[in-house]
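Commentary on secondary and tertiary structure
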Amino acid sequence: MMETSHEKLSANTVGFCLLPSEIIQNILLHLALPEIICLKSVSRFVAGVISDQNFERAYNSQSRSSAWLFVYKKRWNRDAILHGFNDHSSRWFNFRVDGLLKPVICPGDHIYFLTASSNVFLFVSNTRRELLALDLGTKAVKTIPPSPLGPRGTSSWRRSGMKLVATGSGHFQFLFVDLVRHSPVLFVYSSKTDTWQSVEAREGLAETPRVCQKEGGHVLLDAIHGPYESTVTAVGLECGAYNNHAPIVLRPKFSPGPTDGLDRLQVYGDGSMLVVKSDGVDDAGVRMVSDIELWGGLRLNGSWQNWEFVSKVPRRIKEQIRKPYRAMRGCLERRDGIIRAALVCNCDGLWDIIWLSYDTGRSLWTWLPLPDCEMKGLNMAGIAFSSGLT
């Protein structure tokens, strides 16, 4: 008699549950969080292993070193989907956030995804010009009060350098920098107090606090970028959170050399810059990537540096990612010595996402192939890197 698929599944489940709990835990530690949540329904024994406090601590500690890329896509006047890809997995995960956001949005609201950190995701309603915070772990959602600059739409947030910092116990800080009367000003929201504070940045490095000079003791937020000069603000952190240090203004200059007739896209984040050089394929605006360079040099623990060339994506990777495109945008993050960049390309309605990483300690480039995110006919409504879900 032929064995049914249900019987095969039951046999596999029993076999999995017969393994020692230490082996089961080791297997689970190599899975993404959505996969672990699905396994909770396999059996009470597996659910007990997952709920064990020692396993939770081990998984949460490990997840902090992993990286997620989140893409928010939508159709006009239809439900939107948040897709997440983990650097230890091989597929996209879908997060149905529309239902969780319903208590704080109205029918017809146009929602855009701004940034994320751990379980906290930040959105903006372009219709009502409000910030919305969603915790995927607790499924709690709240409206953030307007910043001292007042209600802001999507276009205003796209101009700002921003960082979401998870501070523990379900709380977070949201930091962003914008120009006020031509001077960079730092704005900080704390979920713990549900209040904002603002601090004008100081010029120069002479009085940089020692905590700010340590590795991981600061974040670099972009205020404004021109083709040859940037304005970046260094914000000191203590124990991973902002603690009233006056931010410092940095003005690195960029000397790219001759363009050789190539188009140049500059993607910024966390004190690094990716320069994407492209040449035209035809008169209809189709381009092809010819070179990708990484620039850095923004350090607070020594003499001030301008933008410095760091490395170039090797030819073997360029040949694998080189495709025609009409439009491109990107995001960049630096964490624990790894610089990650995502380039989103569109050509005649077809989307392609490129994930590149550069290990600063080993001077090594890697390309992480991504499966199709099924973006055809959809609008991109936000993209960002984040630390691991817990």
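Residues numbered from 1 in each chain as written. Predicted model: local features only at pLDDT ≥ 70, side-chain atom pairs only at ≥ 80, totals over all residues. Heavy atoms only, no water.

This part takes up the sheet that holds strand 10 (residues 183-190). The four strands are arranged 8-9-10-11 in an open sheet whose pairing can be described as antiparallel. Edge positions in the sheet fall to strand 8 (161-168) and strand 11 (195-200), since each has one partner strand and no second. Each neighbouring strand pair of the sheet contributes to a mean axis angle of 20°, computed without reference to strand direction. Bridge analysis of strand 10 against strand 11 gives six bridges, and the strand direction is antiparallel. (Pairing = 2+ DSSP bridges. Helix = DSSP H or I, 4+ residues; strand = E, 2+ residues; numbered from the N terminus. Axes fitted to C-alpha atoms, helices over the stretch in contact; angles between N-to-C directions.)

For the rest of this paragraph, the subject is empty space enclosed by the protein. Following the criterion strictly, the structure yields two cavities of 30 Å³ or more and no others. Each residue belonging to the lining of the largest cavity can be placed in one class, and the counts come to six nonpolar, two polar and three charged. (1 Å grid on protein atoms, 1.4 Å probe; cavity = no way out; pocket = protein on both sides within 12 Å on 5 of 7 lines; lining within 4 Å. Points joined across faces, edges and corners; volume = space filled by probe spheres on them. Nonpolar A, V, L, I, M, F, W, Y, C, P; charged D, E, K, R; others polar.)

A separate point is the confidence of the model for the protein chain. Looking at the protein chain as a whole, the pLDDT averages 80, with 82% of positions reaching at least 70. At the low end of the mean pLDDT range in the protein chain sits helix 8 (residues 210-213), at 44; at the high end sits strand 25 (residues 364-368), at 96. Across residues 1-9, confidence stays below pLDDT 50; counting only partners more than four residues off in sequence or on other chains, it has two contacts. Confidence drops under a pLDDT of 50 for residues 209-213, and excluding neighbours within four residues, the segment shows 13 contacts in the predicted structure. (pLDDT = per-residue confidence, 0-100. Contact = heavy atoms within 4.5 Å.)

All right, on to the packing of aromatic side chains then. Applying the stated criterion to the full structure yields 21 aromatic pairs. Ring geometry for W68 versus F93: centroids 5.8 Å apart, planes at 55°, classification tilted. Within this pair, whereas W68 is found in strand 1 (residues 67-74), its partner F93 is found in strand 3 (residues 92-95), the two being separated by 25 residues in sequence. Assessed through its relative accessible area of 3%, F93 is described here as buried. Aromatic ring contacts, followed pair by pair, group W68, F70, Y72, F93, F95, F113, F121 and F123 into a single cluster. (Phe/Tyr/Trp six-rings, centres within 6.5 Å; stacked < 30°, edge-to-face > 60°. Buried < 20%, exposed > 50% of the residue type's maximum accessible area, 1.4 Å probe, protein only.)

Attention now goes to unusual backbone geometry. One non-glycine residue, K139, lies in positive phi territory at about 65°. Positive phi is not limited to glycine here, since D270 has a value of about 55°. For D270, a relative accessible area of 16% gives the class buried.

Further remarks concern helix 4 (residues 44-51). Residues of helix 4 that are buried include every one of V46, A47, V49 and I50, and no others. Down the axis, helix 4 shows its buried residues gathered within 160° of arc, on one side only. (Arc of directions from axis to C-beta.)

This next bit is on the environment of K192. Here K192 lies in the loop between strand 10 and strand 11. Along the backbone, K192 and H171 are 21 residues apart, and their C-alpha atoms lie at a distance of 5.9 Å.

Residues L19, I23 and I27 make up a contiguous nonpolar surface patch of roughly 210 Å² in combined accessible area. Tracing the backbone through its elements, the reader meets L19 in the loop between helix 1 (5-17) and helix 2 (21-28). (Patch = residues over 30% accessible without salt bridge, like charges linked within 9 Å, V, L, I, M, F, W, Y side chains within 5 Å. Areas by Shrake-Rupley, 256 points an atom, 1.4 Å probe, with all protein chains shown as cover. Salt bridge = Lys/Arg side-chain N within 4 Å of Asp/Glu carboxyl O.)

Moving on, we come to the nonpolar core. General note: in soluble globular proteins, nonpolar side chains tend to be found buried as a group. F123 and F174 are the most contacted members of the largest nonpolar core, which totals 49 residues. Beyond its immediate stretch of four places on either side in the chain, F174 contacts T115, L122, L131, W157, M162, K163, L164, F187, V188, Y189 and W196. (Core = buried A, V, L, I, M, F, W, Y, C linked by side-chain atoms within 4.5 Å.)

This part is about the environment of D359. Here D359 shows up in strand 24 (residues 350-359). Placed 23 residues apart in sequence, D359 and D336 show a C-alpha to C-alpha distance of 9.3 Å.

Spatially, the four strands line up as an open sheet ordered 4-5-6-7, and their pairing is antiparallel. Across the chains shown, the open sheet's two edge strands, defined by having one partner strand only, are strand 4 (111-117) and strand 7 (140-144). On average, each strand axis in the sheet is inclined to that of its neighbour by 25°, with strand direction left out of account. In the sheet, strand 4 pairs with strand 5 (residues 120-125) via six bridges, with the strands oriented antiparallel. For T115, the partnering residue across the bridge sits in strand 5 and is L122.

Moving on to the state of the cysteines. With the rule as written, the count across this model stands at zero disulfides. Left unpaired, C345 is separated from the closest cysteine sulfur, that of C347, by 9.4 Å. Residue class for C347 comes out buried when judged on its relative accessible area of 16%. (Disulfide = S-S within 2.5 Å.)

With that settled, the discussion passes to the packing of helix 2 against helix 4. Relative orientation of the contacting elements helix 2 and helix 4 amounts to 70°, with a least axis distance of 10 Å. The angle between helix 2 and helix 4 places the two elements in the roughly perpendicular class. Judged by the sense of rotation from one axis to the other, the crossing of helix 2 with helix 4 is right-handed. Here S21, I24, Q25 and L28 of helix 2 lie close against helix 4, whose contacting residues are F45, V49 and I50. Classifying every residue of the contact of helix 2 with helix 4 gives five nonpolar, two polar and no charged. (Parallel < 35°, antiparallel > 145°, perpendicular 65-115°, else oblique. Left-handed = near helix turned anticlockwise from the far one by under 90°.)

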